[in-house]
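Next come the chains, spelled out residue by residue.
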Amino acid sequence: MHALNFKITLNNNFKSTNRMYKQFIFLISFLSTFFSVSAQNKTYELLKHYPELGGVLVTYNKDTNKGLIITANDLSQSLSWDAASELNESTLDYDQSAAQFSDWRLPNIEELNTLYTLKDSLGLKPTYYWSASHSNDGGAWEKNFGNGRQVYVAKRVSNVVRTVREVSFDKEEALVLT
C-alpha cells in the first residue's frame, strides 16, 4: 500500500459554505477508503525488530532498495541440512510476527558471515549454524559462531537454524542506517 501525502488549506469563504464543506468532508471520507493517507513515512533502523517485517532488519542495500531480515529466534530444534533447506509451515515454530511470512530460507554463506559479525547484537549462540551454500556431493557449509570458523560438512549433521528473508522497501519509506 502506498501512502498519499497531501495538504489541504481551506479559506474562510469555503468553510462558511456549510453545504460545500459537508460535501468536501464526504469526498475525503470516500477517498480514504481507497488510499492510505499518511502525514509521515515509516522509518526503519538497522538491528531493530519490526513485527511488520517478521524480524530484525540486518542489512539494507540502497541501490536495490532491499533489506535482509533475520528471525528473532533460532528454530527450537537442530536440523540436518536437508530438513533445514526444505522448511515449511509445519517445520517452523516462529513467533507470531515471523509466522505471517512464508519466504524464510537459510542464509547463504556471505549472509551468514555478515550475521557472524553482528552475532552479539542479534543474540546468536556460540554454536554451528547452517548456510544455504552447498554442493551436490552431500556437503554444505556451516559456520561456528563461537570462533568464526567455516567448515564444509556432511548434510546429515544436525545444526542450529536461524532463517532469513529478503524484503523490498517502497521508495517512500525512509531508512535510517545506524
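Because the structure is predicted, anything quoted here is derived from the model rather than measured.

S.K.: Pulling in residues and values, what's your account of the sheet that holds strand β9 (residues 150–154)?
M.R.: Reading across the sheet, the 3 strands line up as β7-β8-β9 and stay open at both edges, with antiparallel pairing between neighbours. Each edge of the open sheet carries a strand with a single partner, namely β7 (128–134) and β9. The sheet shows a mean angle of 40 degrees between the axes of neighbouring strands, taken without regard to direction.

S.K.: Describe in detail the pattern of salt bridges, supporting the description with residues and values.
M.R.: Here the structure, examined in full by the defined rule, presents 5 salt bridges. With its nearest N and O atoms 2.9 Å apart, the salt bridge here joins E111 to R105. The buried category is assigned to E111, whose relative accessible area is 15%. Exposure remark for R105: the relative accessible area of 31% places this residue in the partly exposed category. Look at the salt bridges and you will find they share partners, linking D74, K125 and R162 into a network.

S.K.: Can you explain the pairing of strand β8 (residues 139–144)? Please cite residues and give values.
M.R.: Of all the 6 residues making up β8, 5 are buried; the element is thus mostly covered by neighbouring parts of the structure. Relative to β8, β7 is paired through 4 bridges, and the arrangement is antiparallel. Residue pairing across strands places Y128 opposite N144, the latter belonging to β8. In this structure, the hairpin formed by β7 and β8 is closed by a connection of 4 residues, where G138 is found at a positive phi of approximately 95 degrees.

S.K.: Give me the environment of R162: which residues, what numbers.
M.R.: For R162, the location among the structural elements is in the loop between β9 and β10 (164–168). Residues R162 and W104 lie 58 residues apart in sequence; the distance between their C-alpha atoms is 9.4 Å. Contact partners of R162, with chain neighbours within four places excluded, come to I70, T71, A72, N73, D74, P107, L122, G123, L124 and Y129. Here T71 takes part through its backbone oxygen, which lies 2.9 Å from a polar atom of the side chain of R162.

S.K.: Tell me about the environment of Q77, and please be specific about residues and values.
M.R.: Here Q77 is to be found in the loop between β6 (66–70) and α3 (81–85). Overall, Q77 belongs to the partly exposed group, its relative accessible area being 48%. Between the C-alpha atom of Q77 and that of N159, which follows or precedes it by 82 residues, the distance is 8.5 Å.

S.K.: Can you tell me about helix α5 (residues 109–117), naming the residues and giving the values?
M.R.: Among the residues of α5, those classed as buried are I109, E111, L112 and L115. The buried side chains of α5 occupy one side of the element, clustering within an arc of 155 degrees when seen end-on. Exposed positions of α5 whose direction lies more than 90 degrees from the buried face are E110 and T117.

S.K.: Provide a residue-level description of the nonpolar core, including the pertinent values.
M.R.: Formed by 13 residues in total, the largest nonpolar core has its most connected members in I70, L112, L115, L122, L124, Y129 and F145. Of all the secondary structure elements, the ones that give two or more residues to this core are β5 (55–61), β6 and α5. For this core, the element with the highest residue contribution is α5, accounting for 3 residues. Setting aside chain neighbours within four positions, we find L124 in contact with I70, D74, L115, K119, Y129, F145 and R162. If you look at the next biggest cluster of nonpolar residues, it comprises 12 residues, including L46, L57, A98 and V167.

S.K.: A description of unusual backbone geometry should follow, citing residues and the corresponding values.
M.R.: Its identity is not glycine, yet L47 carries a phi of approximately 65 degrees, on the positive side. Its identity as a non-glycine residue notwithstanding, N65 has a phi of 60 degrees, on the positive side.

Conventions we followed
Residues numbered from 1 in each chain as written. Predicted model: local features only at pLDDT ≥ 70, side-chain atom pairs only at ≥ 80, totals over all residues. Heavy atoms only, no water. Pairing = 2+ DSSP bridges. Helix = DSSP H or I, 4+ residues; strand = E, 2+ residues; numbered from the N terminus. Axes fitted to C-alpha atoms, helices over the stretch in contact; angles between N-to-C directions. Salt bridge = Lys/Arg side-chain N within 4 Å of Asp/Glu carboxyl O. Buried < 20%, exposed > 50% of the residue type's maximum accessible area, 1.4 Å probe, protein only. Contact = heavy atoms within 4.5 Å. Polar contact = N/O pair within 3.5 Å; in protein donor to acceptor, adjacent residues only side chain to side chain. Arc of directions from axis to C-beta. Core = buried A, V, L, I, M, F, W, Y, C linked by side-chain atoms within 4.5 Å.

No statement about biological role is implied by the geometric values presented.
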